[in-house]
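Take a look at the letters that make up each chain.
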Amino acid sequence: MSESASHHASATSGIPQPHGGLGIFRLVTTVITLIVGGGVFTLAGDQAAGGASGAAILTAWSISGIGVLCLVMTFFALSRIKPQLKGGIYSYANAGFGDFLGFNSAWGYWISALLCTVSFSALLFGALSYFFPIFGGGTNLPSVIGASLLIWFYVFLVSRGIKEATGVNAVITISKFVPIFVAITAIIFLQKFDLGIFLANMSQGADPGLPFFDQVSNTMMITIWVFVGIEGAVAISGRAKKERDVGKATIIAFICVLSIYLMVSVLSMGVMPLSELAQLENPALAGVMEHAVGQWGAILINGGVVLSLVGAMLGYTVLSSESPYEAAEQGVFIKAFAKTNKKGAPIVTLVVTNVIIEAFLVVMLFSDSTYQFFYALSAGMILLPYLLSAAYFAKLTFTEPDAFKGKVGGSLVLWRIFGVFGVVLTVLGVMAFCIGIGDGPVLIVGGLIVFAMGVFLAVYYLSFGIFYDGESFLMSRFGKKDAVHRYEEIVGQKLYVVQGGSIVAELYLKDGSTVSLQSTMDGVYPFLDTAFAGWCLQTGRD
C-alpha cells in the first residue's frame, strides 16, 4: 500500500495554508461589516416594540455587553493559545467536545449566516422602497427578484477570490458609517436630545404592564442579534497575514460597535417617547431622524441602510461559504463542501448556500415572515456555537493552564472568569431566545426543526464502523450497505493533509471504487496499520 502515497500541504483546498493576505485594518473592517448590518438602523424601534422601559433596555445592554465582552476575550485568547484551529468557532466546538457537537456547531453557524442574509434582503429592499415604492415592504416579488440578482452577483464576486471581496468590504464599511455618525452628531449638536423625554422613557415603555424581567428578555434578543458576527475575524482567521492580528481585530471591532450601538440606543430615547418609537416602520432610525431634523434625515438614513446592507450581505456571503468549507476541510462535514475553484474560493459551498437562501426568499414571498422573524431565528441558531466556544475556553483554563503562559497577559484567574461568565451569559441568551420573543412557538419549533436536520446529518456523516482482521475489512456506515473487502483488492492509496492538521486517506480498489477515511474517525489509525501489514503480506512485499 506504499505505492502512490503522497502528502499535499493543501491538497483539498488549493489555497496557501500558513497565512493569507489580510492585515489588521482589513480584518477589523471585515468584522465591523459583518456586525453592523441592519441592526443599528432598526435598533431604536425594535427595542421599543418589545415593550421595555429605558431602565430595562439599559439593563439588557449591560448584561449583553458583559457577555459579548467575555466572548470577545474568549475568541482573542483562543486565537493566541490555539492558533492552529483556523476553522472558526466550529473548530473550538470540535476540539473541545468531539465531532458530533462540532458538526452541529458548524451546522448552526452556517444556518445562522444564511438567515442573516435572508433577513438583510428584506430590510434592504424595504429601505429601497422609500425611494422606489415598487419594492413595498421588502418581501414582495420585485424585492425577491432584486435580492436574488444581488446574492448571485456576490457568488460571482467571491468566487473570484476572498481577498477581492474583503477589499470591497473595506470601502463599503468606511462609507456606510457616514449616515450613522451624521445622525449621532445631528441629535447632539442640534440639541434634539430632550432630557425630559429620556427620563420619562427610563421609567415607562410602550407596554407599562409588562413585567421587568420580560422587558429585559425581550430586549436581550435584540442586543444579541446586533452583535452576531463578533467572531468574524476568527472565522476567516486562516486568511490573516499575521495570526496575532486576529484577536486584536476582534477586540477593536467590539469596542467600536458597542460605542455606536449605545449612542444610537440612548440618543433615540431622548428624541421620541418609546410608545412612538415602537410604532415606527423599519428602519426606525430614519423615523427618528425625520422627527429630529426633517425629511433629509430620513433620506440619509435609508440611503445608509441600503449601503450598509449591501456591504453586510457581501460579508455574509464570504462567511457563510467559509464556515462549512472549513468544517469539510477538517473531515467532519459534507466532503463535497471542501472543493475549491482555481481562485481558491469554496465554490461548492457558495452555490449550495445561495440555493438555500433562494429557497428561503421564496418562502418569505408566500408567507408573513419578516425581517424580525428571520433575525430572531438566526440569533437563536448561533447561540449553540457561541456556548460551545465559551465552554471549550472555560475547559482549557482548568485543563491546560500552561497553554496560557507567554501567549496572553493577565492572570489565569481572570481568564477563568471570562470563560465561566461567557458560558453563564450565553445560557442567559438562550433563555432570552426562548422567553423574550413575540412569535415564540413558531421560532422555537423552527429552530428545533433546523437543529434536528443537523443532528440527522451528523449521525449520517459521522456514524462510521470499520471491522477488520489480518485478511479483510468491513466498512459500515449509517444508511449504506455494509461492504467487505480483502486487503489484496487495494491497488493504491493517497494521503491528504488538510487545513487544521486532519488527514484524509483514500484507498483505491481493483473494482474501481474508493474507500475514503478521515483521521477524525475512531479507530482509523489502528486499522491503517493492520491494513498496511495485511496488504504487504498478501502481495508478497516486505
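Quick caveat, the model's predicted, so the values are computed rather than measured.

**A closer look at the overall build of the protein chain**
Consideration 1: Within the protein chain one finds 19 helices and 6 strands.
Consideration 2: Taken over 542 residues, the protein chain has a buried fraction of 57%.
Consideration 3: For the protein chain, restricting intrachain contacts to residue pairs at least 6 apart in sequence, the fraction spanning at least 24 positions comes to 75%.
Consideration 4: Approximately 20,800 Å² of the protein chain is accessible, and the part contributed by carbon and sulfur atoms is 67%.

**Side note on the pattern of salt bridges**
Consideration 1: Counted according to the given criterion, the structure contains 2 salt bridges.
Consideration 2: Between Lys-82 and Glu-400 there is a salt bridge whose closest N-O contact spans 3.1 Å. Residue Lys-82 is located in the loop between helix H3 (54–81) and helix H4 (89–97), and its partner Glu-400 is located in the loop between helix H16 (371–399) and helix H17 (412–435); the two are separated by 318 residues in the primary sequence.
Consideration 3: The exposure class of Lys-82 is buried, given its relative accessible area of 13%.
Consideration 4: Here Asp-402 ties to Lys-405 by a salt bridge, and the two come within 3.3 Å at their closest N and O atoms.
Consideration 5: Accessibility expressed as a relative area gives 56% for Asp-402, which makes it exposed.

**Side note on the side chain of Ser-389**
Consideration 1: In this fold, Ser-389 is placed in helix H16.
Consideration 2: In contact with Ser-389, not counting residues within four places along its chain, are Thr-74, Phe-75, Leu-78, Ile-89 and Tyr-92.

**Structural notes on the packing of helix H9 (residues 212–225) against H16**
Consideration 1: Orientation of H9 relative to H16, taken along the N-to-C sense of each, is 75°, at an axis distance of 9 Å. Here H16 runs roughly perpendicular to H9, going by the angle between their axes. Each of Met-221, Ile-222, Ile-224 and Trp-225 in H9 lies in contact with H16, whose residues at this interface are Tyr-371, Tyr-375, Ala-376, Ser-378, Ala-379, Gly-380 and Leu-383.
Consideration 2: Among the residues forming the contact of H9 with H16, the class breakdown is 9 nonpolar, 2 polar and no charged.

**Comments concerning the nonpolar core**
Consideration 1: Counting 133 residues, the largest nonpolar core has Val-36, Ile-180, Trp-225, Phe-227, Tyr-261 and Trp-415 as its most contacted members.
Consideration 2: Sort the elements by how many residues they give to this core and helix H5 (residues 99–128) lands first, with 16 residues.
Consideration 3: When neighbours within four sequence positions are excluded, Ile-180 is seen to be in contact with Val-36, Val-40, Phe-41, Ile-260 and Val-264.
Consideration 4: In this structure, Leu-509, Val-515, Leu-517 and Phe-527 belong to the second largest nonpolar core, which totals 8 residues.

**Considering the packing of H5 against helix H14 (residues 295–329)**
Consideration 1: One can describe the packing of H5 onto H14 by two numbers: an axis separation of 9 Å at closest approach and a directional angle of 160°. With respect to each other, H5 and H14 are oriented roughly antiparallel. Crossing of H5 against H14: the hand is left-handed.

**What to know about H9**
Consideration 1: When the terminal C-alpha atoms of H9 are compared, their 20 Å separation across 14 residues agrees well with the 20 Å that a helix rising 1.5 Å per residue should span.
Consideration 2: Among all positions of H9, only Gln-215, Val-216, Ser-217, Asn-218, Thr-219, Met-220, Met-221, Ile-222, Thr-223, Ile-224 and Trp-225 are buried.

**Notes on the packing of aromatic side chains**
How two aromatic rings sit relative to each other is set out by the distance from centre to centre and by the angle between their planes.
Consideration 1: A complete count under the given rule lists 16 aromatic pairs for this structure.
Consideration 2: Residues Phe-227 and Phe-254 carry aromatic rings whose centres are separated by 6.0 Å and whose planes lie at 35° to one another, so their mutual orientation is tilted. On the criterion of sequence distance, the pair formed by Phe-227 in the loop between H9 and helix H10 (232–235) and Phe-254 in helix H11 (residues 244–268) is long-range, its members being 27 residues apart. As far as the burial class goes, Phe-227 and Phe-254 line up, both buried.
Consideration 3: Through a chain of ring-to-ring contacts, the aromatic side chains of Phe-76, Phe-393, Phe-404, Trp-415 and Phe-418 assemble into a single cluster.
Consideration 4: Sitting above the plane of the Phe-97 ring, Lys-395 keeps its charged end 5.4 Å from the centroid.

**Thoughts on a nonpolar patch on the surface**
Consideration 1: A surface patch of nonpolar side chains, amounting to about 970 Å² of accessible area, comprises Ile-66, Phe-213, Phe-398, Val-413, Ile-417, Val-420, Phe-421, Val-424, Val-427, Leu-428 and Met-431.
Consideration 2: If you trace the backbone, Val-420 turns up in helix H17.

**What about the confidence of the model for the protein chain?**
Consideration 1: On average, residues of the protein chain score 76 in pLDDT, and 75% of them are at 70 or above.
Consideration 2: This stretch, residues 1–19, has a pLDDT under 50; its non-local contacts, to residues over four places away or in other chains, come to 52 contacts.

**Here's the deal with unusual backbone geometry**
Consideration 1: Of note in this structure, Gln-191 is not a glycine but carries a positive phi near 55°.
Consideration 2: Note that Gln-191 resides in the loop between helix H7 (162–189) and helix H8 (195–203).

**Here's the deal with the environment of Ile-57**
Consideration 1: Position of Ile-57 among the secondary structure elements: in helix H3.
Consideration 2: The class for Ile-57 is buried, based on a relative accessible area of 0%.
Consideration 3: Remark: the alpha-carbon pair of Ile-57 and Met-220, spanning 163 residues in sequence, is separated by 8.2 Å.

Calculation rules
Residues numbered from 1 in each chain as written. Predicted model: local features only at pLDDT ≥ 70, side-chain atom pairs only at ≥ 80, totals over all residues. Heavy atoms only, no water. Helix = DSSP H or I, 4+ residues; strand = E, 2+ residues; numbered from the N terminus. Buried < 20%, exposed > 50% of the residue type's maximum accessible area, 1.4 Å probe, protein only. Contact = heavy atoms within 4.5 Å. Areas by Shrake-Rupley, 256 points an atom, 1.4 Å probe, with all protein chains shown as cover. Salt bridge = Lys/Arg side-chain N within 4 Å of Asp/Glu carboxyl O. Axes fitted to C-alpha atoms, helices over the stretch in contact; angles between N-to-C directions. Parallel < 35°, antiparallel > 145°, perpendicular 65-115°, else oblique. Nonpolar A, V, L, I, M, F, W, Y, C, P; charged D, E, K, R; others polar. Core = buried A, V, L, I, M, F, W, Y, C linked by side-chain atoms within 4.5 Å. Left-handed = near helix turned anticlockwise from the far one by under 90°. Expected span 1.5 Å × (residues − 1). Phe/Tyr/Trp six-rings, centres within 6.5 Å; stacked < 30°, edge-to-face > 60°. Lys NZ or Arg CZ within 6 Å of the ring centre and 35° of its normal. Patch = residues over 30% accessible without salt bridge, like charges linked within 9 Å, V, L, I, M, F, W, Y side chains within 5 Å. pLDDT = per-residue confidence, 0-100.

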